[in-house]
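# Structural features, examined
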Amino acid sequence: MNKIKGSPLLRNLVFILPALVVGLALFYAHLSIVQNGEDYNNAITFIDRLFDLYLALAITAVAFCVGRACARLLKVTFENLAEELSFSVMAGVGVIGLVVLGLGLAGLLSAIPIALMMLLLIALGWREGVRLITLLKEGIASATATKPRVALTILFAALVVILAARAMTPPHTPDEAIYHLSVTKQFVQQGRVFPVTDNWAGNMPFLVQMIYAICLIAKADIAAKLFSLILAVISSLALYGFCRRFLTRRAGVVAMFAFFAAGMVVEVAITARVDVSLAGMLFMAAYAMMAYFQSGERGWLYLSAMLAGFSLGIKYSAGIYILLLAVMYLTEGLLRRQPLIAVIKRGLIYTAIVLAISSPWFIKNLVWFGNPVYPFITGEVAEHSAGERRYFNVEDQLRLDAHFEKARKEMPSLVRSREIEMARAEGRRVERNPLRVWEYFTKPDAYNMAEDFHYPNYLFLFAPLMVFAARNRWLIWLAALSIAFFIATIQTSWIARLLLPIYPALTLMSAYAITELSDRADWGRLRPRISKAVLIPAIAVAAALVPTAVLSVVQSVNTNDLSFIKGDLSRSDYMKNFYYYPPSYFINHSTPENARVMMIGAQTCYDLDRDYVADVNWDSTEWRRRLVRTNSVEELNEDLKRSGITHVWVAYGLFTFVAEMGRENYPNFSGLPPHTNPDYKAQLMNWATLDLYSSRFLQPIYNDRFGNVIYRIK
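Residues numbered from 1 in each chain as written. Predicted model: local features only at pLDDT ≥ 70, side-chain atom pairs only at ≥ 80, totals over all residues. Heavy atoms only, no water.

## Observations regarding a nonpolar patch on the surface
Taken together, Ile112, Leu116, Leu119 and Ile122 make up a surface patch of nonpolar side chains, about 420 Å² in accessible area. Within the element layout of this structure, leucine 116 appears in helix 6 (residues 111-124). Residue classification places leucine 116 among the exposed positions, given a relative accessible area of 54%. (Patch = residues over 30% accessible without salt bridge, like charges linked within 9 Å, V, L, I, M, F, W, Y side chains within 5 Å. Areas by Shrake-Rupley, 256 points an atom, 1.4 Å probe, with all protein chains shown as cover. Salt bridge = Lys/Arg side-chain N within 4 Å of Asp/Glu carboxyl O. Helix = DSSP H or I, 4+ residues; strand = E, 2+ residues; numbered from the N terminus. Buried < 20%, exposed > 50% of the residue type's maximum accessible area, 1.4 Å probe, protein only.)

This is the structure we're talking about:
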């Protein structure tokens, strides 16, 4: 009896029971508020924001339990609390994501199966839940043990609160509305994961989006954004844990704060995008491998393999980093004179784990499209239906050329004006050379795809100074991995956001350089005034972090974030701040419920409540599919009507946008022969053929200053 009374579970019921009661109360309130619709505003909606936060934290807690159980099975020994928390959560996120994918492929992506799955995971990992409570207690005690630590804890908490306020708003960045949430929403609506033919991105690895699916099932898309932010915070804790193991605690504190000094990290972390999550997962895969070589515990190596597999389930680009990890593994194994057979054997086990964990994403595409990395290599399908799968070919291009020539013949002056407009857009194209590293700092906007405030971390300028500090084997490896990843990535894309996987390493290098040099430097006459150079790292981090934090506050004020959180502003009124939402709102409220919309150039489809055919490819693949199977605009019109299309939403700005951005290193997802003279010819052809069709069969019913036009098919 005494044993039962003293059990860890019963001792922690004082925390568990109130949390469950609060969760049930918030869930009930959430369901009541959601029924009021997007035009509802009331102070009570603040409770809904609390539910969003609660749900994100609850998923994180379950992820910890699952991941900690995996670590226990692998017999991994953690050296510090930050290490234990970060690895457990990230490993758990991967496991939960795969389980949800399994349910989706089985057609069970709905509330009851997901709830049962989560309850089962909680039941299996309840002992780890007790450990989580203990860990949090110990973490709080450590973080408040001294006055300086209290001050640092308050500052970091304030930073997280600022970012959370921005995340606690409806999804409103284009990529969220284009595919991260729009495709996930389609999966949830149909209760299954299926081949997506009108949105190629929906067939990419979607591991983190499977967690977002849980949020969408609960009708809490804001929780998805908060969960993304939580993973960013977890990544920063992993940086601290790395420093506690391999460097110094002070470098860890600097790294924790410095991670958020990058506008790129902040702007992505507060959205339901996955690049920061990928960066954290890949870094921790490298971290775990380094811990294996330091400690000799094989569990660390296999944990690294798990994280690498999960990373490949987030984005294909993780494969580059994983290959580099393989190089590090072989090199370290041989340098340490480990038996060659043992190195090969463990390497094969590592590879098998990576492939087994990531394989579902490739296998489903192989079955559906005959291409495991669809739409890369083959491009998008021209036709995809039961028993038929066909890719674009040269004959299809000839059909498109014929349509274009017909438009040029019937509307010569209009087509010529389009050519002039596209040429002018090309004239505004920015010259880029991704190898000029300094340009990412001097003109960062040139390396962003129309994304505001995606700035690099200017503390990275201190990273090269690491060569003057005491050598650290693992930082040298991180530097080598980062350089190699950078060189490999810029061969395929100039977009700076794709370089986020090297940000954790660069953050550590910068933090180490700043702290070590500030300690070792001879400050001469400054010594009497600055007895210890502890202020130097603080000043450097503040100089980079404060502007980022202030910019976040300014953006939050400009978009009335607090008004929405408090309930003074309805969701629809808040979203009208963003250029792509008003057309969606118009369609939702001014077209029949049975309307079906075809999107051309208009890519942001998440907020549409009508059935639609998406367009997320620069080449407007769906429009070209229709063209290649018809011989005239009359046949095209009949084809659209047969498929139930009643309205067409065109964002004409995409055509000139492509000409201005340029297609260098942009994948040819259409599968058609790429046009190189000019490189925007596909957009010109789409524009011209659309002009010919719209002049005969479309009636405009909405337009705005951003180039959005909504047509009704006559």
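## Structural notes on the packing of helix 20 (residues 412-427) against helix 31 (residues 681-697)
Each pair of packed helices can be described by the angle between their axes along with the distance between the axes. One way to put it is that helix 20 packs onto helix 31 with a least axis distance of 10 Å and a crossing angle of 150 degrees. Judged by the sense of rotation from one axis to the other, the crossing of helix 20 with helix 31 is right-handed. Here helix 20 contributes Leu414, Val415, Arg418, Glu419, Glu421 and Met422 to the contact with helix 31, which in turn contributes Gln683, Leu684, Trp687, Ala688 and Asp691. Classifying every residue of the contact of helix 20 with helix 31 by side-chain character gives six nonpolar, one polar and four charged. (Axes fitted to C-alpha atoms, helices over the stretch in contact; angles between N-to-C directions. Left-handed = near helix turned anticlockwise from the far one by under 90°. Contact = heavy atoms within 4.5 Å. Nonpolar A, V, L, I, M, F, W, Y, C, P; charged D, E, K, R; others polar.)

## Considerations on unusual backbone geometry
Proline 375 follows tyrosine 374 through a cis peptide bond whose omega is 5 degrees. For alanine 450, which is not glycine, the phi dihedral falls at a positive 55 degrees. Within the fold, alanine 450 resides in the loop between helix 21 (439-442) and helix 22 (473-489). Taking relative accessible area as the criterion, alanine 450 reaches 58% and is therefore assigned exposed.

## A look at the packing of aromatic side chains
All chains considered together, the criterion is met by 39 aromatic pairs. Measuring from ring centre to ring centre gives 5.4 Å for phenylalanine 156 and phenylalanine 257, while their planes differ by 80 degrees; the resulting arrangement is edge-to-face. On the criterion of sequence distance, the pair formed by phenylalanine 156 in helix 8 (residues 147-167) and phenylalanine 257 in helix 13 (residues 249-258) is long-range, its members being 101 residues apart. You'll find phenylalanine 156 and phenylalanine 257 in the same group, each marked buried. (Phe/Tyr/Trp six-rings, centres within 6.5 Å; stacked < 30°, edge-to-face > 60°.)

## Brief notes about the sheet that holds strand 7 (residues 708-713)
Judged by pairing direction, the sheet is mixed, and its five strands sit side by side in the order 4-3-5-7-6 without closing on themselves. Two strands close off the open sheet at either side, each with one partner strand: strand 4 (611-613) and strand 6 (698-703). Neighbour-to-neighbour, the strand axes of the sheet open up by a mean angle of 25 degrees, direction not taken into account. Two elements, strand 3 (residues 596-600) and strand 5 (residues 647-651), share four bridges in a ladder whose sense is parallel. Each residue of the ladder has a partner; that of valine 597, found in strand 5, is histidine 647. (Pairing = 2+ DSSP bridges.)

## Details of helix 11 (residues 207-217)
Of all 11 residues that make up helix 11, 11 are buried, and the element is covered over most of its length. Count one or two residues on from helix 11 and you reach lysine 219, which has phi positive near 55 degrees.

## Things to note about the confidence of the model for the protein
In this model, the protein carries a mean pLDDT of 92, and residues with pLDDT of at least 70 account for 95%. Counting interchain partners and residues more than four positions distant, the pLDDT-below-50 stretch residues 526-531 has four contacts. (pLDDT = per-residue confidence, 0-100.)

## Let's talk about helix 5 (residues 81-105)
If you check helix 5, its first and last C-alpha atoms are 36 Å apart, about what 25 residues at 1.5 Å a residue would give, namely 36 Å. Across the 25 residues that make up helix 5, a large majority, 20, are buried. For helix 5, the side-chain oxygen to backbone nitrogen distance between the N-cap and alanine 82 is 3.3 Å, and the N-cap itself is asparagine 80. After helix 5 finishes, the residue glycine 107 shows a positive phi value of roughly 75 degrees. (Expected span 1.5 Å × (residues − 1). Polar contact = N/O pair within 3.5 Å; in protein donor to acceptor, adjacent residues only side chain to side chain.)

## Digging into the pairing of strand 2 (residues 388-391)
The pairing of strand 1 (residues 381-385) with strand 2 spans four bridges and is classified as antiparallel. Bridge pairing in strand 2 places serine 385 opposite glutamate 388. Between strand 1 and the antiparallel strand that follows it, strand 2, lie two residues; glycine 387 among them carries a positive phi value of about 80 degrees.

## Some words on the pattern of salt bridges
Applying the stated criterion across every chain yields a total of 41 salt bridges. Glutamate 138 is paired through a salt bridge with arginine 131; the nearest N and O atoms lie 3.9 Å apart. Overall, the relative accessible area of 36% leaves glutamate 138 in the partly exposed class.

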